[in-house]
Amino acid sequence: FAGGPQESLLKLGRRPGFKGHMSINPVTGKKELYFSPAKRRLRYLVTFLVTLILLSFASTFMVISMNAQGYISSNDFPKDREHPLLYPFIARLAEPGGIFDAESPVKSIIPIIIRAAVV
């Protein structure tokens with residue numbers, strides 16, 4: 001940084017976005033902003049859980065999209081109808097004659113457009 005309000009706040013040892021409550025520092029005896037490590041860990045945990053949920057949603061959507069595009073089909077898992085990546089109803093839509101027919105140059109683009117719109 002070269003000047004400005006950011007530099008003066010950094011000289012004081014504060015980040016402008018820092019939130020906390022005023023507490024007396026046991027070493028210096030001065031009042032300063034304090035944020036509990038327990039609260040910080042709780043925020044990290046909440047952030048981790050929200051990120052995990054959103055990544056799970058995105059991953060599931062991508063697998064469903066691959067089923068709709070014909071990349072994953074029942075032919076890939078002939079003996080395993082309960083495979084976690086196979087969604088038979090959606091995979092059937094990508095078979096010849098389905099609404100997302102993987103062999104059709106026009107119908108095969110529909111799942112791509114849906115994925116692009118959602119993601």
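Refer to the structure above for everything that follows.
All of these numbers come straight from a predicted model, not from anything done at the bench. (Residues numbered from 1 in each chain as written. Predicted model: local features only at pLDDT ≥ 70, side-chain atom pairs only at ≥ 80, totals over all residues. Heavy atoms only, no water.)

The subject of this paragraph is helix H2 (residues 37-69). With 33 residues, H2 ought to run about 48 Å at 1.5 Å a step, and its terminal C-alpha atoms sit 47 Å apart, in line with that. Where H2 begins, the capping side chain belongs to Ser36, and its oxygen is found 3.2 Å from the backbone nitrogen of Ala38. (Helix = DSSP H or I, 4+ residues; strand = E, 2+ residues; numbered from the N terminus. Expected span 1.5 Å × (residues − 1). Polar contact = N/O pair within 3.5 Å; in protein donor to acceptor, adjacent residues only side chain to side chain.)

It is worth spelling out the nonpolar core at this point. Val63, Ile72, Phe77, Leu86 and Ala91 together form the largest nonpolar core, which totals five residues. Sequence-distant contacts of Leu86, that is, excluding residues within four places in its chain, are made with Asn67, Ile72, Ser73, Ser74, Phe77, Asp80, Arg81 and Ala91. (Core = buried A, V, L, I, M, F, W, Y, C linked by side-chain atoms within 4.5 Å. Buried < 20%, exposed > 50% of the residue type's maximum accessible area, 1.4 Å probe, protein only. Contact = heavy atoms within 4.5 Å.)

With that settled, consider a nonpolar patch on the surface. On the surface, Leu42, Leu45, Val46, Phe48, Leu49, Val50, Leu52 and Leu54 cluster together into a nonpolar patch covering about 750 Å² of accessible area. Here Leu42 lies in helix H2. (Patch = residues over 30% accessible without salt bridge, like charges linked within 9 Å, V, L, I, M, F, W, Y side chains within 5 Å. Areas by Shrake-Rupley, 256 points an atom, 1.4 Å probe, with all protein chains shown as cover. Salt bridge = Lys/Arg side-chain N within 4 Å of Asp/Glu carboxyl O.)

A separate point is the environment of Ile110. Mapping Ile110 onto the fold places it in helix H4 (residues 110-118). When the C-alpha atoms of Ile110 and Ile99 are compared, they prove to be 8.7 Å apart, with 11 residues separating the residues in sequence. Once residues within four sequence positions are removed from consideration, Ile110 is found in contact with Ile99 and Phe100.

Helix-helix packing is described using two parameters, namely the angle between the two axes and the distance between the axes. It is the contact of H2 with H4, at a shortest axis distance of 9 Å, that shows an interaxial angle of 165 degrees. With respect to H4, the axis of H2 lies roughly antiparallel. Of the two elements, H2 crosses H4, and the hand of that crossing is right-handed. Contact with H2, carried on its side by Phe61, Met62, Ser65, Ala68 and Gln69, involves Pro111, Ile112, Ile114, Arg115 and Val118 of H4 and no other residues of that element. Of the residues assigned to the contact of H2 with H4, the class counts are seven nonpolar, two polar and one charged. (Axes fitted to C-alpha atoms, helices over the stretch in contact; angles between N-to-C directions. Parallel < 35°, antiparallel > 145°, perpendicular 65-115°, else oblique. Left-handed = near helix turned anticlockwise from the far one by under 90°. Nonpolar A, V, L, I, M, F, W, Y, C, P; charged D, E, K, R; others polar.)

To continue, consider the environment of Asn25. Looking at the element boundaries, Asn25 is found in the loop between strand S1 (21-24) and strand S2 (31-34). Looking at Asn25, the relative accessible area reads 15%, which means it is buried. Not counting chain neighbours up to four residues away, the residues in contact with Asn25 comprise Lys30 and Glu32. A distance of 2.8 Å separates the side chain of Asn25 from the backbone nitrogen of Val27, its partner in a polar contact.

Everything listed is a geometric property; what it means functionally is a separate question.
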